[in-house]
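One letter stands for each residue in the lines below.
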Amino acid sequence: MIEANKRVRLAAKVRLQRDRVSGKPFLLYPERGLELSDSAERIVALCGEDRTVAAIVDEVTAASGEPRERIETEVISFLRALDDRGLLVVT
Amino acid sequence: MAAGETPRPYTLVAELTYRCPLACGYCSNPLDLARHSAELDTAGWGRVFTDAAALGVLQANLTGGEPLVRPDLTALVAAAHAQELYVNLITSGIPADRARLAELAGAGLDSIQLSVQDVDPHGAAWIAGRDDLDAKLEVADAARALGLPLTLNVVIHRGNIARVPAFVALAERIGADRLELANTQYLGWALANRDALLPARADIEQARGVAAAAAERLRGKIEILFVRPDYYADRPRACMDGWARRYIVVTPDGVVLPCHQAGSISGLAFETVRDRPLADIWRDSPALRAFRGEDWMPAPCRTCDERHADFGGCRCQAFALVGDAGATDPACALSPRHDIVRDVRARAESPSAAPPPIRLRRWQKDEQGGREKQRTRG
């Protein structure tokens, strides 16, 4: 479950790769690929390095200058979508 | 898609060989196996990977037959990996050992999809001609030890559908990341064995319920996929996400197809990478353009709201059941020939019907099958 105090990193099966056709970032995993938006890419880049979900929200908020509540909703719903696909290790 | 625009493929299905130690009666390989025995060599596949990546392909599924029978498999994995493809090995796990898997992982293999035919030895022997469960469990264990993401794939049919709970338990036990409970698609060998393999509706619904409950319980741990047979759906499946749109299938001898079965459609001349570069074939081969987009669609597909979602269903099924690859997929309840599918379903429901003996995939019989097919074509 994704909560503010949890740490998240990409699961071993996931590879982040720049698409040579569109230049856009993709998460590749067995049989599938997920094209990332710019904001999703920022969140993925912050996963790992022992950051908590709250710390990721702080960093995205600082970089975007948007209200923290809005960013928090966005970050958590995106991380939940990844977690539902088994793409995250949550500790 | 606008007319004339070339779609971008995402997945290459590389059928490295049709040789296989198993003899599954639902095999998706063509009936005329022996006609494709002149396999591309290591360099030939290397060119396919390079050209596919240049077209935008991101995933390479190395499959067969059984890819492990290719002695150059490690080199092929390395070649696909060098093109930054996400390399999936689709395998029965026979013949593999720990050292071989370690070698493949070292060459850049990203994930492994292991098939299990049944957890019951008699069931496995009935459908595949042999039982290899212990050897497969070894392979699963080795894959986990190497940190390779593991998908467990089980093709579901009348003979094993009662054991779907056992397949879920097996996936948990071996630490699979993903479980595919894929009902048989009734084409090729499976079509020849359809009356022996198609489950009754109640059994499908029960298995689907088990799979759905397991998917909920294991969310985030094991991704569980249950693929219904389209004989029991009211609308056709979006076969390959549309003809020659997202998937490129290359046969062992280099023929470029939009799906595993398309070679069975007579009247389409599929081209080989031995004659023309993959990109040229993908862009303008008449056989790949035949059912691309929507211009080919007959009524009722042509004006159907769902045509963008299901692409008119499966062309091979239309050809196999109606005799016309350009017909509406008879799996669709709106097809004027849906009666064909209804009749087959009715037979599967009839409790007194003893299933006919199953015809296993055999090389020698394939050649007979090939001749029969040529006769009916002529």
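Residues numbered from 1 in each chain as written. Chains lettered and ligands numbered in written order. Predicted model: local features only at pLDDT ≥ 70, side-chain atom pairs only at ≥ 80, totals over all residues. Heavy atoms only, no water.

Peer 1: Requested: an account of the confidence of the model for chain A, with residues and values cited.
Peer 2: A residue-level look at chain A finds 100% of positions with pLDDT of 70 or above and a mean pLDDT of 91. Of all secondary-structure elements in chain A, the lowest mean pLDDT belongs to strand β5 (residues 88–90) of chain A, at 90, while strand β3 (residues 25–29) of chain A reaches the highest, 95. (pLDDT = per-residue confidence, 0-100. Helix = DSSP H or I, 4+ residues; strand = E, 2+ residues; numbered from the N terminus.)

Peer 1: Go over the pattern of salt bridges with me, naming the residues and quoting the values.
Peer 2: In the structure shown here, the tally under the stated rule is 35 salt bridges over all chains. A salt bridge links A:Glu72 to A:Arg68; the shortest N-O distance between them is 3.7 Å. Placement of the pair is A:Glu72 and A:Arg68 together in helix α3 (residues 68–84), with a separation of 4 residues, close to one helical turn. Given the relative accessible area of 28%, A:Glu72 is considered partly exposed. Several salt bridges converge on common partners, so that one network encompasses B:Glu271, B:Arg276, B:Asp280, B:Arg283 and B:Asp284. (Salt bridge = Lys/Arg side-chain N within 4 Å of Asp/Glu carboxyl O. Buried < 20%, exposed > 50% of the residue type's maximum accessible area, 1.4 Å probe, protein only.)

Peer 1: Run through the interface of chain B and chain A, naming residues and quoting values.
Peer 2: By a widely used convention, the size of an interface equals the accessible area lost when the partners come together. Contacts between the two partners involve 28 residues from chain B, matched on the other side by 16 residues from chain A. Taken together, both faces of the contact between chain B and chain A bury some 1,800 Å²; the carbon and sulfur share is 44%. For chain B, the biggest contributors to the area lost against chain A are B:Leu58, B:Glu84 and B:Tyr86; these three give 27% of the whole. Linking A:Arg15 and B:Asp110 is a salt bridge whose minimum nitrogen-to-oxygen distance equals 2.7 Å. Counting the contacts that link chain B with chain A gives 11 residue pairs in polar contact (both at pLDDT 80 or more). Mapped onto the side of chain B that touches chain A, the elements with two or more residues apiece are α1 (42–55), β2 (59–63), β3 (86–91), β4 (111–115), β6 (178–183) and β7 (223–227) of chain B. For the side of chain B that touches chain A, the per-class residue count stands at 10 nonpolar, 10 polar and 8 charged. (Contact = heavy atoms within 4.5 Å. Buried area = accessible area lost by both parts, 1.4 Å probe. Polar contact = N/O pair within 3.5 Å; in protein donor to acceptor, adjacent residues only side chain to side chain. Nonpolar A, V, L, I, M, F, W, Y, C, P; charged D, E, K, R; others polar.)

Peer 1: Tell me about helix α5 (residues 133–145) of chain B, residues and numbers included.
Peer 2: Residues and elements named next belong to chain B. Look at α5: 18 Å from first C-alpha to last across 13 residues, which is about the 18 Å you get at 1.5 Å a residue. All of the buried residues along α5 are Leu133, Lys136, Val139, Ala140, Ala142 and Ala143. Two residues or fewer after α5 comes Gly147, characterised by a positive phi angle close to 75°. (Expected span 1.5 Å × (residues − 1).)

Peer 1: Please set out the packing of aromatic side chains residue by residue, giving values where relevant.
Peer 2: All names here are of chain B. According to the stated counting rule, one finds 6 aromatic pairs over all chains in the structure shown. Aromatic pair Trp243 and Phe270: ring centres 6.3 Å apart, planes at 40°, arrangement tilted. With Trp243 in the loop between β7 and β8 (247–250) and Phe270 in the loop between β9 (256–257) and α10 (278–284), this residue pair connects regions lying 27 residues apart in the sequence. Here Trp243 and Phe291 contribute two aromatic rings whose centre-to-centre distance is 5.0 Å and whose plane-to-plane angle is 85°, an arrangement assigned as edge-to-face. With a gap of 48 residues between them, Trp243 in the loop between β7 and β8 and Phe291 in the loop between α11 (286–289) and α12 (307–310) connect regions that are remote in the sequence. Overall, the relative accessible area of 10% leaves Trp243 in the buried class. In textbook terms, an aromatic cluster arises when at least three aromatic residues are bridged by ring pairs, as seen for Trp243, Phe270, Phe291 and Trp296. It is Arg292 that lies over the ring of Trp282; its NZ or CZ is 4.7 Å from the centre. (Phe/Tyr/Trp six-rings, centres within 6.5 Å; stacked < 30°, edge-to-face > 60°. Lys NZ or Arg CZ within 6 Å of the ring centre and 35° of its normal.)

Peer 1: Give a description of the packing of α5(B) against helix α6 (residues 164–174) of chain B that names residues and reports values.
Peer 2: Residue and element names in this part refer to chain B. Running from N to C, α5 and α6 point in directions that differ by 40°, and their axes come no closer than 10 Å. In terms of orientation, α5 lies oblique with respect to α6. Contact with α5, carried on its side by Leu137, Ala140 and Arg144, involves Leu170, Arg173 and Ile174 of α6 and no other residues of that element. Tallied by class, residues from the contact of α5 with α6 come to 4 nonpolar, no polar and 2 charged. (Axes fitted to C-alpha atoms, helices over the stretch in contact; angles between N-to-C directions. Parallel < 35°, antiparallel > 145°, perpendicular 65-115°, else oblique.)

Peer 1: Outline the pairing of β8(B), listing residues and values.
Peer 2: Within a regular beta strand, the side chains point alternately toward one face of the sheet and then the other, so they alternate between its two faces. Residue and element names in this part refer to chain B. Pairing of strand β1 (residues 11–15) with β8, which is carried by 4 bridges, proceeds in the parallel orientation. What sits directly across from Val13, in β8, is Val249. Alignment of β8 against β9, held across 2 bridges, turns out to be antiparallel. Bridging from a neighbouring strand, Val249 pairs with Leu257 of β9. A loop of 5 residues connects β8 with β9, the two strands running antiparallel in sequence, and Gly254 in this loop sits at a positive phi of about 90°. (Pairing = 2+ DSSP bridges.)

Peer 1: Let's hear about the pairing of β6(B): which residues, and what values?
Peer 2: Residue and element names in this part refer to chain B. Of all 6 residues in β6, 6 are buried, a share of seventy percent or more. Residues Arg178, Glu180 and Ala182 of β6 are buried on one face, and the alternating residues Leu179, Leu181 and Asn183, pointing to the opposite face, are buried as well. Sheet topology note: the strand β5 (residues 150–156)/β6 ladder contains 6 bridges and is parallel. Note on β6: the bridge partner recorded for Val155 is Ala182. The β-α-β motif built from β5, the intervening α6 and the parallel element β6 has right-handed crossover chirality. (Right-handed = clockwise from strand over helix to strand, strands pointing away.)

Peer 1: Lay out the sheet that holds β1(B) with the relevant residues and their values.
Peer 2: Residues and elements named next belong to chain B. The 9 strands lie next to each other as β7-β6-β5-β4-β3-β2-β1-β8-β9, forming an open sheet whose pairing is mixed. Every interior strand has two partners, whereas the edge strands, β7 and β9, have only one. Contacting β2 and β3, helix α2 (residues 73–82) crosses the sheet at an angle of about 150° to β3.

Peer 1: How would you sum up the state of the cysteines? Please name residues and give values.
Peer 2: All names here are of chain B. Counted by the stated rule, this structure contains 0 disulfides over all chains. Cys27 takes part in no disulfide bond, and the closest cysteine sulfur, belonging to Cys20, lies 6.8 Å away. Cys332 supplies the cysteine sulfur nearest to Cys301, a cysteine that is in no disulfide, at a spacing of 6.6 Å. Accessibility expressed as a relative area gives 9% for Cys301, which makes it buried. (Disulfide = S-S within 2.5 Å.)

Peer 1: An account of the side chain of B:Asn61 is requested, with residue identities and associated values reported.
Peer 2: Looking at the secondary structure, you find B:Asn61 in strand β2. Residue B:Asn61 is classed as buried on the basis of its relative accessible area, which comes to 6%. When sequence neighbours within four positions are dropped, the list of residues in contact with B:Asn61 reads A:Glu31, B:Thr11, B:Leu12, B:Val13, B:Ala14, B:Asn88 and B:Ile90.

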